[in-house]
Amino acid sequence: MRMRKALLVLVAILAVGMLLAVEEITFWHTYSTNSGEYNLLTAKIIPEFEKAHPDIKVKETQVNYNDMRQRLIVGTAAGVLGDVIRMDIIWVPQFAEIEMLVPVDIVFAEDFAKVKDGFLPGPLSTCEWKGHYYGLPLDTNTQVLLWNRKLFEEVGLSEGPKTMDEFIKYAKLLTKDKNGDGQNDQWGYADGGLGPWNTIPWIYSFGGHILDSTNQKAEGFVNSEGSIRALQTVKDLFESGFVADTIIGGGGIGTFEGYAENIYSMILAGPWAWPIIRGQYPDAEINAVVFPAGDGGSRSVVGGENIVITETSEHKAASWEFVKYMTSHEVQKAFVEVSQMPVLKSLVEDQVIIEHPYFHVFMQQLTTAVARSPHPGWNQINDIMDQAWQDVIVADYGVKESLDYAVELIERVLAEYR
Amino acid sequence: MIFQGCTDLTRETRRKWAGLLFVLPGMLAYLVWTIYPIFNGFYMSLFKWNLNPRIPNEFIGLSNYVKLFQDPQFYVALSNTIKYAVITVPFQLVLGLLVAVLLNRGKKGQTLFRLLYYLPVITSWVVVSVLFQYLFATRGGMINFLLKDVLHLIKTDIKWLAQTSTAMIPIYTLGIWKGIGWTMLIFLAGLQSIPKQLYEAARIDGAGGWKLFAKITMPLLRPTFVFQLVMLTIGGFNVFLSVLIMTGGGPRNSTQVLNTYMFKEAFEYFHFGYGAAIAVVFFIMVFTISQLQRRFLKSDPY
Amino acid sequence: MSKLKRIITNLIIYILLVLGAVIMCFPFYYMIVTSLKESAYIFTVPPQLIPEPATLNNYVSVWTKADFKLYFWNSVKITIPAVLLNVFLSSLTAYGFARFRFPAKELWFSILIATLAVPGLLLTIPQFDMVRRVKFLMDNPFTIILTSGIGSVAFNAFFLRGFFEGIPIELEEAAELDGCNAFRTYWKVALPMARPALATLVILSFLGVWDDYFWPSLILRERSQWTLPIGILGFRAQHSVQWHLLFAGTMIAILPVLVIYITFQKYFVKTVAEGGLKL
């Protein structure tokens, strides 16, 4: 009798113990529900992970993209955060600086050393701050130049511009006043703003910079020769009327709609342009080339998300397993099918990329793409650069003065974090 | 006599306790929910506050305030906010009152009109801000379309939201448009509480339209009017979402208001102590103004 | 002559009202029209004023595929109790300030009003910090009912106090002589007399809770708990906005607000009638 009872108690303890041994980690992401990524995540990726790791359960929490930052801020202050977060790359240094992210190169040194070199350099650089890496790249993107074949052929052109000189020439040819009312209604180029996301391709392709390679200096970089020429060129194009008004804000026909409706001949766009344009204009033809090369080559801007582990997580090891899994070759390849660009070098020349209708040009562009300076003060630097370009293009300030002033302000920001 | 006095005294005490009991639940709940966080905010402003609660905060006393008063961006935000309140509040009050008076006459179609005028109030700020952004778009926007192609009042499209000189106009318009229904609603409630016989008595005495309005309606609406003035001013100072969505503070910071400035400093740059200081100064200002309004326009109906 | 003048005046007033109504409604009209369009026609230039082809598909897909049925009921389950709590608490507080004298009364009231001047943004962080410490309160619609009920007490009390003070006090004094205690007087006499004000309060309060977005989005993290505003803004994705669906969702969300408005604005019919002694 007593033996029986003791055995039962033992089994009960073991059962409870086993239940407790299952760790649950929460994964915060911004994949929109009803999207391909979300369905893939919940139908295949997570279940397969849980099968391979029976002691780990992953609970995914969808956060609206426009709220993620607020959620992270409020969550940090209250100590309530997911274990693993899919975080916009430009936020990583800021959260790393306030010690909210796990430095994976220290805590999981051995594993990290093994996987580090498999990542594309641009995306990987966005995880770094003060010499340590605070997560791994998860998905990336960049912007390339879309050109409208119909409008091009109307002026006798058959291919997108390869160099900056060609671009300038084409922009002029493609700007027209079609209904004779004194205002242009077709433009050579259109974009949505003057912040670094839109202007880094210009700056770096002209051989200019924002910060230096250690992200500690602005003087001589923000206001370098190349930077000045880039800004001057865009200003001249705008003054001549070859660039649509949307670049200075004020709303109007969006770049995608304008491209599809044959109003804008060339625009900058990321890979999301394809599903968005086709969603509204199912028969639209989309052609893309890498950004026209200037003295700095063809450089574009890196976007994307990193996958990070929070310091408040009580399941760091389990979280790391999930992070490794999400950045593994198979999972990255699976995400290609739902239009998430991979961050692994091993996939650049993979069949699935080559056969992809449009990823190839992006992967090509990515090999030389530039990250927005990974610095906790980036939001301020971003606003300063945006303002500098607006001062020149909207308010006619001098190019050199504007950039010199920007240097002054940026140096102050950099000093805050030294 | 003395007996009467004793009963009165007890009644006074009874009523005092009753009064306290009436207000206590609301006040207590409010104390915990709102007043404690406000003190928290005051406290935050004295530090170089770190979002991460596990990192100790550096006490810097009034440095944030010193920095604030030397910050040109603060003054831009301040003047924009004041201008917004000064422009939108009177329009909302006057137009709202006008519509309320017109819709209080018991004529046909009133219910429908009241509904239509109320519609802007019930739409969310996020949605209408985006909508107005489209309406005021330089090319393809409704407003330019109407002014240029339909009414032929202007020759070229106005770059409403892209130039510093005109960027606030769509924002003012949105604020006024959205508020008229609200003031109308409250004035209607106020108008309804004026006893009809006051008008009848005055009419018998020979008073007509305007006089009735000036001598009866306006004075009796005073409490409502003061209430609305205070609330709209507070609301005006609190303008936030419309600016954030329509211009983000631009172009070139020309539409920055106190709330968007605070939001930027705190939530985007992580300068939480500084943001709290902005909030404290904001609060003191708005509080003072509303108190002054209440004092100078103290209601005296009968 | 006077009759003609009256007709002309009425006509002018009528025209002005119609013009005003058109201006008020036009953005609204644009939203309805867009919600009836297929996505390809949203951004045509010039903007399409009458949807062609018109479709109800957006409403169907929003209600069924995008879980709006669920969000709708979640919103209802939160808003109705919250409004009741709010009106009750606010009227209690307002009545106390209006009719009674107690120590530091005006000081208390000034403090209450002062809180209205605080920008709500920064309050969110300490408020969230408070709530997250109590496990029961997180991911719980009850929390929203509670905080929404409390949240606007200051404004509502301010609003109602004026109304209570404007009601002739004789009726309440009569009730007291009849033996009613303070609470019964409040409940049976003062509240019914304040009907226009209370009706207004219900309308405003309902709107405030129904449309609340940020705070519920922080507390109700599970999708099964989401309310309508959270669902609607879900159509704003990272790189694009599905306007036709967003507006369809907005229209669905607006319906109850309109119903409440139409129902309660009937109470604007004068109840404080001829001398106010009729009951």
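*Asks:* Give me the domain arrangement of chain B: which residues, what numbers.
*Replies:* Along its sequence, chain B is organised into domain 1 (2-44) and domain 2 (69-298). Taking only C-alpha atoms into account, the centre of domain 1 of chain B sits 34 Å from that of domain 2 of chain B.

*Asks:* Before we move on, can you summarise the nonpolar core with the specific residues and values?
*Replies:* If you look at the biggest cluster of nonpolar residues, it comprises 304 residues, and the most contacted ones within it are F95, L146, W202, I210 and M266 of chain A together with F164 of chain C. Ranked by residues supplied to this core, first place goes to helix 7 (residues 168-192) of chain B with 15 residues. Aside from chain neighbours lying at most four places away, what touches L146 of chain A is Y259, S265, M266, I267, A269, A273, W274, I277, I286, N287 and A288 of chain A. With 37 residues, the next largest nonpolar core counts I56, V104, L138 and F322 of chain A among its residues.

*Asks:* Would you mind going over helix 11 (residues 225-239) of chain A in detail, with residue names and values included?
*Replies:* Residue pairs spaced three or four apart in an α-helix point in one direction, given the helix's 3.6 residues per turn. Residues and elements named next belong to chain A. Taking 1.5 Å per residue as the helical rise, helix 11 with its 15 residues ought to reach 21 Å, and the 21 Å between its terminal C-alpha atoms agrees with that figure. Considered for burial, the residues of helix 11 that qualify are G226, S227, I228, A230, L231, T233, V234, K235, L237 and F238. The elements touched by buried residues of helix 11 are helix 9 (164-173), helix 10 (196-205), helix 18 (378-393) and helix 19 (399-416).

*Asks:* Tell me about the pairing of strand 3 (residues 84-88) of chain A, and please be specific about residues and values.
*Replies:* Residues and elements named next belong to chain A. Across the five residues of strand 3, five count as buried, placing the element largely inside the fold. Residue alternation in strand 3 divides its side chains into two sets, V84, R86 and D88 and I85 and M87, and both sets are buried. By the bridge criterion, two bridges tie strand 1 (residues 23-29) to strand 3 in an arrangement that is parallel. Paired with W28 across the strands is I85, a residue of strand 3. In terms of strand pairing, strand 3 meets strand 11 (residues 301-309) through five bridges, oriented antiparallel. Following the sheet pairing, I85 is matched in strand 11 by V308.

*Asks:* Explain the side chain of R71 of chain A to me, using residue names and the numbers behind them.
*Replies:* Within the secondary structure, R71 of chain A sits in helix 3 (residues 68-78). Buried within the structure, R71 of chain A lacks any salt-bridge partner; D67 of chain A is the closest side chain of opposite charge, at an N-O distance of 5.2 Å. Contact partners of R71 of chain A, with chain neighbours within four places excluded, come to W28 and V63 of chain A together with S217, L218 and R221 of chain C.

Cut-off values and rules
- Residues numbered from 1 in each chain as written.
- Chains lettered and ligands numbered in written order.
- Predicted model: local features only at pLDDT ≥ 70, side-chain atom pairs only at ≥ 80, totals over all residues.
- Heavy atoms only, no water.
- Domains from an automatic or database assignment.
- Core = buried A, V, L, I, M, F, W, Y, C linked by side-chain atoms within 4.5 Å.
- Buried < 20%, exposed > 50% of the residue type's maximum accessible area, 1.4 Å probe, protein only.
- Helix = DSSP H or I, 4+ residues; strand = E, 2+ residues; numbered from the N terminus.
- Contact = heavy atoms within 4.5 Å.
- Expected span 1.5 Å × (residues − 1).
- Pairing = 2+ DSSP bridges.
- Lys, Arg positive; Asp, Glu negative; His and termini not counted.
- Salt bridge = Lys/Arg side-chain N within 4 Å of Asp/Glu carboxyl O.

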